[in-house]
Amino acid sequence: MIAASSAIAAPSTYVNARFGTVCTFPDEIFTDRQPEPENGDGQVWLSADGASLTCSGILNVDDDTPKGFVADERASKEPGYSVTYSKTGKNWAVLSGMKDGKIFYERRLFGRDGVIHTVWIDYPPSLKSKYDPLVGAIAGTLKGQ
């Protein structure tokens, strides 16, 4: 019997046909691919232990910027939602915090093509030690075509 480790497992790369959003992730963890939404904006995968991964794109109809996005999210009064970490660059933003009792990590790329490319990962706090090392690696693969 051969044991698969995350170091040698073959990752899956998803390419969104509508927006060209790309992300790569370990498919031995995110095994349950959900049906694609009718608008074709992205894809969601679930793990057996309660985590989820979303890779999607949206049109930047409001000409949002990384700093503006982070400011809006930090000011959000949405129940069960709090941002505990944020960072921005010239064309990207990262947020982390809690939403509905789960830890979340979100990375957005603000493309010159008028598209915001997003990867969102959430997981139960009890699995922090498993997922914390994965979120940065997965989010680092996010790009737009």
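Scope of this entry: the structure provided in the associated data block. For clarity, every value in this text was computed on a predicted model and none was experimentally measured.

Rules behind the numbers
- Each residue is numbered by its place in its chain's sequence as written, counting from 1.
- pLDDT decides what is reported in this predicted model: residues at 70 or higher carry local features, side-chain atom pairs at 80 or more are listed and counted, and totals for whole chains, interfaces and linings draw on all residues regardless.
- To obtain the side-chain values, all non-hydrogen atoms of the structure were included, while hydrogens and water were left out.
- Working definition: rings of Phe, Tyr and Trp (its six-membered ring) pair if their centres are within 6.5 Å, and the pair is stacked with planes under 30 degrees apart, edge-to-face with planes over 60 apart, and tilted otherwise.
- Partly exposed describes any residue whose relative accessible area lies between the buried limit of under 20% and the exposed limit of over 50%, with all areas from a 1.4 Å probe on protein chains only and scaled to the type maximum.
- Under the DSSP-based scheme used, a helix requires at least four consecutive residues in state H or I and a strand at least two consecutive residues in state E, with every element numbered from the N terminus.
- Contact between two residues is taken to exist if any of their heavy atoms lie within 4.5 Å; hydrogens are not considered.
- Whenever Lys or Arg places a side-chain nitrogen within 4 Å of a carboxyl oxygen from Asp or Glu, that contact is recorded as a salt bridge.

**Details of the packing of aromatic side chains**
Turning to step 1, where the next piece is worked out: Following the criterion strictly, the structure yields eight aromatic pairs and no others.
Turning to step 2, where the next piece is worked out: For the pair Phe25 and Phe30, a centre-to-centre distance of 6.3 Å together with 80° between the ring planes defines the contact as edge-to-face. Residues Phe25 and Phe30 agree in their burial class; the two are buried.
Turning to step 3, where the next piece is worked out: Ring-pair connections join several aromatic residues into one group, and the members of that group are Tyr14, Phe25, Phe30, Trp45, Tyr123 and Tyr131.

**Thoughts on the environment of Tyr85**
Turning to step 1, where the next piece is worked out: Relative to the helices and strands, Tyr85 is located in strand 6 (residues 81–88).
Turning to step 2, where the next piece is worked out: C-alpha separation for the pair Tyr85 and Gly97, spaced twelve residues apart in sequence, amounts to 6.4 Å.
Turning to step 3, where the next piece is worked out: With near-sequence residues (within four places) excluded, Tyr85 lies in contact with Arg74, Val94, Leu95 and Ser96.

**With respect to the pattern of salt bridges**
Turning to step 1, where the next piece is worked out: By the definition in use, this model includes five salt bridges.
Turning to step 2, where the next piece is worked out: Measuring nitrogen to oxygen at the nearest pair gives 2.6 Å for the salt bridge that ties Glu78 to Lys99. Pair noted here: Glu78 is in the loop between helix 1 (66–74) and strand 6 and Lys99 is in strand 7 (residues 92–99), with a separation of 21 residues, a long-range link.
Turning to step 3, where the next piece is worked out: Residue Glu78 is classed as partly exposed on the basis of its relative accessible area of 34%.
Turning to step 4, where the next piece is worked out: For Lys99, a relative accessible area of 24% corresponds to the partly exposed category.
Turning to step 5, where the next piece is worked out: In this structure, Asp132 and Lys128 form a salt bridge, with 2.5 Å as the shortest nitrogen-oxygen distance. Taken together, the residues Asp132 and Lys128, both in helix 2 (residues 128–139) and four residues apart, mark about one turn of the helix.
Turning to step 6, where the next piece is worked out: The partly exposed category is assigned to Lys128, whose relative accessible area is 44%.

Bear in mind that shape data such as this cannot, by itself, settle questions of function.
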